[in-house]
Amino acid sequence: MSTQGDPMSQQMEFRIDGACDPAFAHVREVFAENFRSRGELGAAVCVYREGRKVVDLWGGIADPESATPWREDTITCMMSVGKSMAALAVLMLVDDGRIDLQAPVSRYWPEFAQNGKERITVRMLLGGLAGVIYADATPDGSAYDWEVICCAIAAQKPEWEPGTQGAYHSFTGGYLLGELVRRVDGRMIDVFFHQEIARPLGVDYGFGVAAADLPRVARTIPNPDGVTLTQSQNASTKLGRAWRPWPKYPCPFNSADFRTAVMPSSNGHGNARAVARVYALLERGGALDGVRLISPALVEAIRKESWAGTCGMTDRPFRYGLGFFLNCPPLVPLGANPRAFGHPGAGGAIGVADPEAGLAMSYSPNLMCAGAGVGDRCEALVEAVLGASAPINP
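The structure presented is a predicted model; accordingly, all values stated were derived computationally and were not measured.

Draft legend 1. The arrangement of helix H3 (residues 81-95) in detail. With 15 residues, H3 should reach 21 Å at 1.5 Å per residue; the first-to-last C-alpha distance of 22 Å fits that figure. With 14 of its 15 residues buried, H3 lies for the most part within the structure.

Draft legend 2. Geometry of empty space enclosed by the protein. Scanning the model with the defined rule gives 5 cavities of 30 Å³ or more in all. For the largest cavity, the lining is made up of 33 residues, of which Ser80, Thr228, Gly345, Ala346 and Gly347 are closest to its centre. For the lining of the largest cavity, the secondary-structure elements that each account for two or more residues are helix H8 (227-232) and strand E13 (341-344). It is H8 that contributes the most residues to the lining of the largest cavity, 4 residues altogether. Reported here for the second largest cavity is a volume of approximately 120 Å³. Every residue lining the second largest cavity is listed: Lys83, Ala87, Leu125, Leu126, Gly128, His169, Gly173, Leu176, Leu177, Tyr320 and Gly323. Going through the elements one at a time, H3, helix H4 (122-126) and helix H6 (173-185) are the ones with two or more residues in the lining of the second largest cavity. Top element by residues in the lining of the second largest cavity is H6. It accounts for 3 residues. Residue classes in the lining of the second largest cavity are distributed as 6 nonpolar, 4 polar and 1 charged.

Draft legend 3. Here's a closer look at the pattern of salt bridges. Applying the stated rule across the entire model yields 30 salt bridges. One salt bridge connects Arg219 with Asp63, and the closest N-O pair in it is separated by 3.3 Å. Highlighted residues: Arg219 in the loop between strand E6 (206-207) and H8 and Asp63 in strand E3 (residues 52-63), separated in sequence by 156 residues. For Arg219, a relative accessible area of 22% puts it in the partly exposed group. Taking the shortest distance from any N to any O, the salt bridge between Glu65 and Arg219 comes out at 3.6 Å.

Draft legend 4. Seen up close, the sheet that holds E6. Pairing is antiparallel in the open sheet, where 3 strands are placed in the order E5-E7-E6. Two strands bound the open sheet, and with one partner strand each, they are strand E5 (76-77) and E6. Bridging between E5 and strand E7 (residues 268-270) involves 2 bridges; their strand directions are antiparallel. Paired with Cys77 across the bridge in E7 is His269.

Draft legend 5. A look at the nonpolar core. Grouped together as the largest cluster of nonpolar side chains are 134 residues, with contacts concentrated most on Phe171 and Leu282. The element contributing the most residues to this core is H3, with 11 residues. In this structure, Leu282 is in contact with Leu88, Ile294, Val299, Ile302, Phe324 and Phe341, ignoring residues within four places of it in sequence.

About the cut-offs
- Position numbers for residues start from 1 in each chain and track the written sequence from start to end.
- Selection of residues for local features in this predicted model requires a pLDDT of at least 70, selection of side-chain atom pairs for listing and counting requires 80 or more, and totals for whole chains, interfaces and linings are taken over all residues.
- Just so you know, side-chain values use all the structure's heavy atoms and leave hydrogens and water out.
- Think of it this way: any DSSP run of H or I at least four residues long counts as a helix, any run of E at least two long counts as a strand, and we number them from the N terminus.
- One less than the number of residues in a helix, times 1.5 Å, gives the span that helix is expected to have.
- Think of it in three bands: residues with accessible area under 20% of the maximum for their type are buried, residues over 50% are exposed, and the middle band is partly exposed, with areas taken using a 1.4 Å probe on protein chains only.
- Put plainly, a pocket is an open set of points on a 1 Å grid over the protein atoms alone with protein on both sides within 12 Å along at least five of seven lines, a cavity is a set where a 1.4 Å probe fits but cannot get out, and a lining residue has an atom within 4 Å of a point.
- Grid points are joined across faces, edges and corners, and a volume is the space filled by probe spheres set on the points.
- Polarity classes work like this: nonpolar for Ala, Val, Leu, Ile, Met, Phe, Trp, Tyr, Cys and Pro, charged for Asp, Glu, Lys and Arg, and polar for all others, with Gly in that last group.
- Throughout this description, the term salt bridge denotes a Lys or Arg side-chain nitrogen within 4 Å of a carboxyl oxygen of Asp or Glu.
- The rule for pairing is simple: two strands pair if DSSP sees at least two bridges between them.
- Nine residue types can take part in a nonpolar core, namely buried Ala, Val, Leu, Ile, Met, Phe, Trp, Tyr and Cys, and a core is a set of them joined through side-chain atoms within 4.5 Å.
- Note on contacts: a residue pair is in contact if any heavy atoms of the two residues lie within 4.5 Å.

So this is what it looks like as structure tokens:
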């Protein structure tokens, strides 16, 4: 199923609500065009300029089974965007002096020092250089069991000499960062994020949806033409090996078990308004509206290239910083600035910050995209906000 001209969206009338600064009217037009010609079902887009919200739009259908419209407070699974939120939590502890980027992970998580992982540093972990991309000792279907997954990760042998090969830690990344937070701070990543990031900043995003909020979660619509989703369900692929602990029932995204689990690798729920605000804080050097989460120096560290080239997990060309992707079209297009940074989620969700342009944005759809990148709907919105991406050789 391609997102182009999807019959399901063609049969439904869409409505766009929200506010848009006249200077960004072209963003509203592109958002509307996504519904008219690119198969959008339900989504939201939000843009900040120099710390001020200038676009906050939502529209379409949140749940095609019940024909529930996408409302102002609708939230959806934004998939791997959550890894950047977990990375921010770790960076906050770095800024507080409670974590040393150069220290071995085992200083904080002693059990991690197994099978050749003794010299893996926190910087390697955040920079995608640890090589701990699998959790092979986990039983099938155990992805929601934090202790089981983290014990398996601690016992896992790296796939290569740590520090020699970059890879997107697709499945393990959220657990690695979340467990580091727990070992240092004592709170689980969902509690830390809520208390230290979401509540002070006033954002509607988190890990593990509360029971009272389940009715406002948009239904995720998988796309069989999505490369990441297809590979993750195929045990013969590297992504399939990594995601083997996932439950095998069809479309776990819409189950209450998935939505309420703590799984920052893939199940952070929120919307564009929330994620754009977090990225606006990063674009402003780590502070927004009187709330400072990290220092300007650490924001610059996020943007420093950790590795570039063929990813050891996906075999795709990427550029990676410290817990965040760097601009690398066509798969991770983040606008005209090579120094823009952000994080995509499987299916097309994204958060982006461009400090030079003074812009931050996010997009949160419920219909997953086709292909291996962020999809045509996300690409169109990123270009409308941040300009056309020039080729960057990783």
